[in-house]
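A look at the structure
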Amino acid sequence: MQHNYFFPLFFGLICLVGSAQKKQAGPVIENYGEVWSVENPDFKTDVDAEFKAVFDIMNSPESHTEINRSIETAARFLNMHVQGGVPQSQLKVTLVVHNKASKDVIDNEAYKSRFGVPNPNYDMVKTLMDSGVEVILCGQSSNSRKYPKNELISGTKISLSAMTALIQLQNEGYRLIKF
């Protein structure tokens, strides 16, 4: 008698795939920053702590139509911690933008005049700002790359330099996150 093992194996795989965990965005940033849920981690998150993070954003994709995944990391940070039980009010996030990433915080009109397409980061940056994320552009990069304040996404601040902003924020208890 010949056994057909294919059907039970196939059915088992379908069940496994169907119940597989998926990355999920939100609840803070709905369209960006998908993260995995981590059930019962051994190293527990202190949901009573304040998390102050400064992201050093200096790189950017060569493509003018691709979002900057380093900026999206801030959305992941917010989403994963709120999903993990940390109240959003305990999350303080700042992006310090410089170097090649400077172009990622200019408004759609300025971006389109330079690169022929709207800024793919515009909606993500605005959503982050609307969620309380502070965005600071290095003044040195602003000047050397010719991105004046009037061409920046509204709400973006300019500092003397990225170095200055990073030092000041770390002096205020922010922890540097660099990728």
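See above for the structure.
The text that follows walks through the structure, step by step, so that each part is easy to find.

How each quantity is defined
Residues numbered from 1 in each chain as written. Predicted model: local features only at pLDDT ≥ 70, side-chain atom pairs only at ≥ 80, totals over all residues. Heavy atoms only, no water. Helix = DSSP H or I, 4+ residues; strand = E, 2+ residues; numbered from the N terminus. Buried < 20%, exposed > 50% of the residue type's maximum accessible area, 1.4 Å probe, protein only. Contact = heavy atoms within 4.5 Å. Areas by Shrake-Rupley, 256 points an atom, 1.4 Å probe, with all protein chains shown as cover. Core = buried A, V, L, I, M, F, W, Y, C linked by side-chain atoms within 4.5 Å. Salt bridge = Lys/Arg side-chain N within 4 Å of Asp/Glu carboxyl O.

**Overview of the overall build of the protein**
Check the secondary structure of the protein and you find 6 helices and 5 strands. Listing each helix as α and each strand as β along the protein from the N terminus yields α-β-α-β-α-α-β-α-β-α-β. Sorting the 179 residues of the protein into buried and exposed places 39% on the buried side. Taking all contacts inside the protein whose residues are at least 6 apart in sequence as the whole, residues at least 24 apart take part in 70%. Accessible area of the protein: about 10900 Å², with a carbon and sulfur share of 54%.

**Describing unusual backbone geometry**
P27 follows G26 through a cis peptide bond whose omega is 10°. Relative to the assigned elements, P27 resides in the loop between α1 (6-18) and β1 (51-57). For N40, which is not glycine, the phi dihedral falls at a positive 50°. Relative to the elements of secondary structure, N40 occurs in the loop between α1 and β1. Residue N40 is classed as exposed on the basis of its relative accessible area, which comes to 63%. Phi is positive for N99, close to 55°, though the residue is something other than glycine.

**What about the nonpolar core?**
Residues F55, L78, L95, V97, L128 and V135 are the most contacted members of the largest nonpolar core, which totals 32 residues. If you list the elements that add at least two residues to this core, you get β1, α2 (69-83), β2 (91-97), α3 (108-115), α4 (122-130) and β3 (134-138). It is α2 that contributes the most residues to this core, 5 residues altogether. Not counting residues within four places of it along the chain, the set of residues in contact with L95 comprises F55, I57, I71, A74, L128, V133, E134, V135 and I136. Of all hydrophobic cores here, the second largest spans 9 residues; its members include V54, A162, L166 and Y174.

**Regarding the pattern of salt bridges**
Counted under the stated rule, the structure contains 5 salt bridges. One salt bridge in this structure joins R69 and E72, with 2.6 Å as the shortest N-O distance. Of this pair, R69 and E72 both sit in helix α2, 3 residues apart, which is roughly one turn of the helix. You can call R69 exposed: its relative accessible area is 51%. Here K103 ties to D104 by a salt bridge, and the two come within 3.1 Å at their closest N and O atoms. As far as burial versus exposure is concerned, K103 and D104 are alike and both buried.

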